[in-house]
Each structure stands twice: as C-alpha cells, then as structure tokens.
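Here is how the chains run, residue by residue.
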Amino acid sequence: MTSPIAASEQDLRYPIGRSDMTTPLAAGVRAQRIDAIAALPAQLRLAVAGLSDEQIDTPYRPGGWTVRQTVHHVADSHINAFVRFRLGLTEDNPTIKPYDEKAWSELPDMRLPIDVSLRLLDALHERWVHLLRAQPGSAFERLLFHPENGPMTLDAMVSLYAWHGRHHTAHITGLRDRQGWH
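Residues numbered from 1 in each chain as written. Predicted model: local features only at pLDDT ≥ 70, side-chain atom pairs only at ≥ 80, totals over all residues. Heavy atoms only, no water.

Draft legend 1. Up close: helix 2 (residues 27–48). Across its 22 residues, helix 2 extends 32 Å between first and last C-alpha, which sits within 8% of the 32 Å expected from 1.5 Å per residue. The sharpest bend along helix 2 comes to roughly 45 degrees, located at Leu 40, with the proline Pro 41 sitting one to four residues further on. Buried within helix 2 are the following residues: Arg 30, Arg 33, Ile 34, Ala 36, Ile 37, Leu 40, Pro 41, Leu 44, Ala 47 and Val 48. Tucked inside the fold, the buried residues of helix 2 contact helix 4 (67–90), helix 6 (114–133) and helix 7 (154–179). Positive phi appears at Gly 50, one or two residues downstream of helix 2, with a value of about 80 degrees. (Helix = DSSP H or I, 4+ residues; strand = E, 2+ residues; numbered from the N terminus. Expected span 1.5 Å × (residues − 1). Bend = angle between axes of the 7 residues up to and from the residue. Buried < 20%, exposed > 50% of the residue type's maximum accessible area, 1.4 Å probe, protein only. Contact = heavy atoms within 4.5 Å.)

Structure representation (structure tokens):
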C-alpha cells in the first residue's frame, strides 16, 4: 500500500501521469501531439508570466528543480529532441546519445534569466514543428536506438516530447496553484 506522502510526492513528480509512447499513432493523434509540441513555448511562457526571481528560484517540489532549472531543462531537452529527430529522419536506426540531465541542471548557464531559454524555445519549436508537419506518415515509423530505452519510433518520440512539455509546464502551474501565485 502506498502512503499518502509517497502518493502526493508521486503526483508532484508526475502531475499529468507518465508518458504514453504507444505506436504507431493514427494521423489525427499524431497531428494533435505535434500541435502540443507547437503550443509548448507559449504555454511555458504563460506558466512563468509575472513570477519574481525569488519565485523562479523556488523548487516545484521538495528535492526538485527550481522553476528556473525546469525552464532551462526544457530547452536543453528539446534541443536534444530536435537533433534526435533530424538523425532519425536522415540515418538508418541511429544510436542517440543520452545525457546527464542532473549534471546539465547544475551548469553555470542555469543561472541565466529564463527568457534566454524561452526565446530559444520559440525559434527551436518553429523549426521543429515545421519539420514534423512536413513529413509523410511513413517517416514516423523510422527507428532510432536509445541506449537506455532501446528502439524507438519517431511516433514514440512525438508522443514523448508532446508529454514532456506539458509535464514540465504542469510542474510550474502546480507550484503556482499550491503557492497561490496568481
């Protein structure tokens, strides 16, 4: 039986649940998930709007990243995703490189203002979404190999990153709600 504390910590860690990477995706479902990727920069910007530096430097959960680290992490992760998609579209079953998210979250550029990563996400997502929307459905069947997760289709990657943006935005909006930062 799960204790109430463990359950609430789990909810704070996964406020929208775990990612669903079922493949293949129906064309309409894929389009919705690409739309979610397209919407992320504006949704993340809205989630952090009006927060003070003190609030931005508040962890979204005990032991979790600060809002600042979370925003910069989304940019780091989505840069990697963009490159992974390009590799998946241009190479046969490429092996993608994992990275140490925790170590990246401790690098000095994580102290920069969050607007740096918000601007980066605007431009990155414009290119990424254009690339995704220009692909035929068959392209999303292409495989790449993740050393920790095994083979993944580009459809699974679309689902993962649509979830990823909503997941981290929910960390921030959940913190705002719990703290009464409206």
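Draft legend 2. The packing of aromatic side chains, seen in detail. Taken as a whole and judged by the stated rule, the model has three aromatic pairs. Ring geometry for Trp 128 against Tyr 161: centres 5.9 Å apart, planes inclined by 70 degrees, an arrangement best described as edge-to-face. Of this pair, Trp 128 sits in helix 6 while Tyr 161 is found in helix 7, placing the two residues 33 residues apart along the sequence. We note that Trp 128, like Tyr 161, is buried. (Phe/Tyr/Trp six-rings, centres within 6.5 Å; stacked < 30°, edge-to-face > 60°.)

Draft legend 3. Here's a closer look at the nonpolar core. In this structure, Ile 37, Phe 85, Trp 128, Leu 132, Met 157, Val 158 and Tyr 161 are the most contacted members of the largest nonpolar core, which totals 23 residues. Counting only elements with at least two residues in this core, the list comes to helix 2, helix 4, helix 6 and helix 7. In terms of residue count, the dominant contributor to this core is helix 7 (seven residues). With 18 residues, the next largest nonpolar core counts Leu 51, Trp 65, Val 67 and Leu 121 among its residues. (Core = buried A, V, L, I, M, F, W, Y, C linked by side-chain atoms within 4.5 Å.)

Draft legend 4. Quick look at the pairing of strand 1 (residues 143–146). Across the two faces of strand 1 the burial differs, with Leu 144 and His 146 buried and Leu 143 and Phe 145 not buried at all. Turn length for the strand 1-strand 2 (residues 150–153) hairpin, with the two strands adjacent in sequence and antiparallel, is three residues. (Pairing = 2+ DSSP bridges.)

Draft legend 5. Representation of the environment of Val 83 in the model. Checked against the element boundaries, Val 83 lands in helix 4. Taking the relative accessible area as the measure of exposure, Val 83 reaches 43% and is therefore partly exposed.

Draft legend 6. Molecular detail of unusual backbone geometry. That bond from Thr 23 to Pro 24 is cis: its omega, -5 degrees, falls within 30 degrees of zero. Backbone geometry at Asn 93 places phi at a positive 50 degrees, although glycine is not the residue there. Relative to the helices and strands, Asn 93 is located in the loop between helix 4 and helix 5 (101–105). Overall, the relative accessible area of 42% leaves Asn 93 in the partly exposed class.

Draft legend 7. Representation of the pattern of salt bridges in the model. Scanning the model with the defined rule gives 11 salt bridges in all. Close ionic contact of Asp 53 with Arg 68 constitutes a salt bridge, the shortest N to O distance being 3.7 Å. Taken as a pair, Asp 53 in helix 3 (residues 53–56) and Arg 68 in helix 4 lie far apart in primary sequence, 15 residues in all. Relative accessible area serves as the criterion here: at 5%, Arg 68 is assigned to the buried category. In this structure, the salt-bridge partner of Asp 57 is Arg 111, at a minimum N-O distance of 3.3 Å. In this pair, Asp 57 sits in the loop between helix 3 and helix 4 while Arg 111 sits in the loop between helix 5 and helix 6, placing the two residues 54 residues apart along the sequence. Taking the relative accessible area as the measure of exposure, Asp 57 reaches 28% and is therefore partly exposed. For Arg 111, a relative accessible area of 56% gives the class exposed. (Salt bridge = Lys/Arg side-chain N within 4 Å of Asp/Glu carboxyl O.)

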